[in-house]
Each structure stands twice: as C-alpha cells, then as structure tokens.
Amino acid sequence: MSQEQFDARVRREMKQLDAHLTALEATGTEARLARENLDFSGFPADYRRLCQRLAIARHRRYSPALVGQLNQLVVRGHAQLYRRERDDGMLDKAAMMLVHRFPRSLRERSGPLALSCLLFFGVALVTFVAILINPELVHTILSPLELASMESMYDPSSTHFLRPRDADSDFAMFGYYIRNNVGIALRTFGSGLALGVGTMYVLIYNGLVLAAVAAHLTNVGSAVTFWPFVVGHAALELGAIAIAGAAGLRVGLAIVSPGNRTRTLAMREEAAAVVPMIAGFVAMLVLAACVEAFWSSQHHLGDTVRYIAGAFFAAVVALWLGGGGRTSAPVDDNAA
C-alpha cells in the first residue's frame, strides 16, 4: 500500500477519533451534556487501531508530518483512555442530576407519572369536593381523635399562631418534616415492588387523608390558618409524593410486564432508571421542609404575602420540572 492510499484511509479514522477526543477533553456542564449524546463504545477499539497505524507508519518510514499527527492523537487518546476519572465536585454532579437528569427522566416516560397524579391528586380532588358538600363523610376516613387533633392544631382562636417560634423550634420542626415526609415518599416508592399495587394503595390513601383534613378544616372555619400555612410548601411536598409514586409504578409495571426481559432484569433496569427521580423527590422534600419550617410558620407576615410566595414557589417548581434538561437531546440514563 502506498503512502497516499494509507494516508487517505487513516485520515477518516483520525477525523472521527479527533472529534471524540475533543469532546472528552472539553470541560464544563455543557461539555458533559454534549458527551452524553455521543457514543464512545468504540473508542478503545479505535484507539488500538490508531496505535497500529502509527506503528505501520513508523515502520514504513512514511512522512514525518503524518507520523507526527498520528503520534499526537495516540498521546491524546492514551491520556483519555487511561486517565483517572475526574469530577468537578459533588455539588456539580448534584446540580447536573437535579437540573437536567431529574426533570428529563420525568418526561421520558410520562405514563407512570400521569397515573400517579391521577391516583393521588384525582382522588384527593374528588374527596375534597365530596366532604365540602357532605361534611359527615370525613368520619369514614379520619377518626374523632384525629379530627380533634387537627382542629386543635389549626384553631384560629389558638394563641400559638400569634407567637413566633424560636430558632431551636424551627430546626426541630425541620428535622421532623424531613423524617416524616421523606419516609412517606420512600414508602410510596418502595411499595412499587409489590407489583405496583402497594404504590397505588399508598397514593390513594394519602390523597384521601390529605383531602379529608383540608376539607374538614375548611368546613369548621380553620381555613384562615390552614391554607396560608400549607400554600408555601404544597407544590414541593405534594409534587414529590406524586413523583415518588411514579418511580414506584415504573418499577412495579416493569415486574408485571417485563417485555422481552426477565422480571429480575426488568426490575433492576427500571430501578437504575429511576435513580434521578429518587434524587429529585428527596431534594424536593428537603426544600419543602425548609419552607415549612422556616417560612410557612411566619404568621406575622400576613396571608397575602404567604399566598404570593406560595404562587411563586409553585411557578418555580413548574419551570424546573417542565423546562429542566431541555438544553440537550434526551439520553438513556442507563447507558454506560
């Protein structure tokens, strides 16, 4: 083979490898997003072929320019193939997960999310309206002791609404809210292993209870204390529970209908695919706990301010989940 023929063949290989190396060598968030859309599965084989081309060019004493270009690519390829994986830090990885992969994973398979919202918000809405119309229905869901506890907690005549909490109490409530809400969300997700039926039950049950509490407090005149308190963190907290349900349903539906996979493999693949959703709903619940502990209890700010803040938080959540991850084409988060 003449040098011209060798050069023509090698140039095509060099161009492809150079593009991959340029992507691998780039830094920053946008560079990582671009790398997610490239297939690097053949990179090791391309690198070995390049080393062979360099050896042949040297052995046949081809032009120094060609040998130099091949050698430069080999050096760059070696640095990328055998480099120690470097991250830009845990915070940067977490931001990538929450800002891009989490909302994108919600849109990739919207069926389970739609079903989760129907079971949770749909049941809650029907229950809320039904109890507003017929207040006695609340007794089919909540016990008299539970109702009395809620009425006492949100009684407008109670003086505890007029006393600001101290910092220690706020932090104590922050820890309580995280433990309670994250526990509910994880049970919602984990119940999906019971063929998805467990997740459906938890979603329906929580929808019934939350709606019953809201409707009953509205009926007994505690709306003036209840709604200003919950409006701030509602979008984060309730949205996280629905997302936890969607993650659980994805795993459960994979077990029920694995397709051409074994049920074990389907469960493992779906569990890996919903990792961004798990990270997302946990983060939402932590944020909800922050709002609930340090903002929602600030009764002295007035109801108007808290309603406006609640609308703002809901808009931010909608923009986050609806617009996040749209800067690059969807990728398979299961890909190696």
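Only a predicted model underlies this, so the values are computations on that prediction, with no experimental measurement involved. (Residues numbered from 1 in each chain as written. Predicted model: local features only at pLDDT ≥ 70, side-chain atom pairs only at ≥ 80, totals over all residues. Heavy atoms only, no water.)

Caption draft 1: Representation of the overall build of the chain in the model. A tally of helices and strands in the chain yields 14 helices and 0 strands. Reading the chain from its N end, one meets helices and strands in the order α-α-α-α-α-α-α-α-α-α-α-α-α-α. Taking all 336 residues of the chain together, the buried fraction comes to 40%. For the chain, the exposed surface amounts to about 18,100 Å²; the carbon and sulfur share of it is 64%. (Helix = DSSP H or I, 4+ residues; strand = E, 2+ residues; numbered from the N terminus. Buried < 20%, exposed > 50% of the residue type's maximum accessible area, 1.4 Å probe, protein only. Areas by Shrake-Rupley, 256 points an atom, 1.4 Å probe, with all protein chains shown as cover.)

Caption draft 2: A look at unusual backbone geometry. Positive phi is not limited to glycine here, since Arg61 has a value of about 55°. By secondary structure assignment, the location of Arg61 is in the loop between α3 (43-59) and α4 (64-81). For Leu195, which is not glycine, the phi dihedral falls at a positive 60°. Structurally, the position occupied by Leu195 is in the loop between α8 (167-190) and α9 (197-219). Using a relative accessible area of 47% as the deciding quantity, one classes Leu195 as partly exposed.

Caption draft 3: View of the nonpolar core. Core analysis: the largest hydrophobic core is formed by 24 residues, its most contacted members being Phe102, Leu106, Ile243, Met277, Phe281, Met284 and Leu321. Put simply, the parts of the chain that give this core at least two residues each are α5 (90-108), α8, α11 (234-256), α13 (275-294) and α14 (303-323). Look past the residues within four positions of Met284 in its chain and what remains in contact with it is Phe102, Ala235, Leu236, Gly239, Ala240, Ile243, Val317, Trp320 and Leu321. Counting 18 residues, the second-largest nonpolar core is a separate cluster that includes Tyr154, Ala212, Ala214 and Phe226. (Core = buried A, V, L, I, M, F, W, Y, C linked by side-chain atoms within 4.5 Å. Contact = heavy atoms within 4.5 Å.)

Caption draft 4: Region of interest: the packing of aromatic side chains. Scanning the model with the defined rule gives 11 aromatic pairs in all. Ring centres of Tyr201 and Tyr205 lie 6.1 Å apart, and the angle between their planes is 20°; this geometry places the pair in the stacked category. On the criterion of helical spacing, the pair formed by Tyr201 and Tyr205 is a turn pair, its members being 4 residues apart in helix α9. Note on Tyr201: relative accessible area 56%, which makes it exposed. Feature note: the residues Phe128, Tyr154, Phe226, Trp227 and Phe229 constitute an aromatic cluster, connected by ring pairs. (Phe/Tyr/Trp six-rings, centres within 6.5 Å; stacked < 30°, edge-to-face > 60°.)

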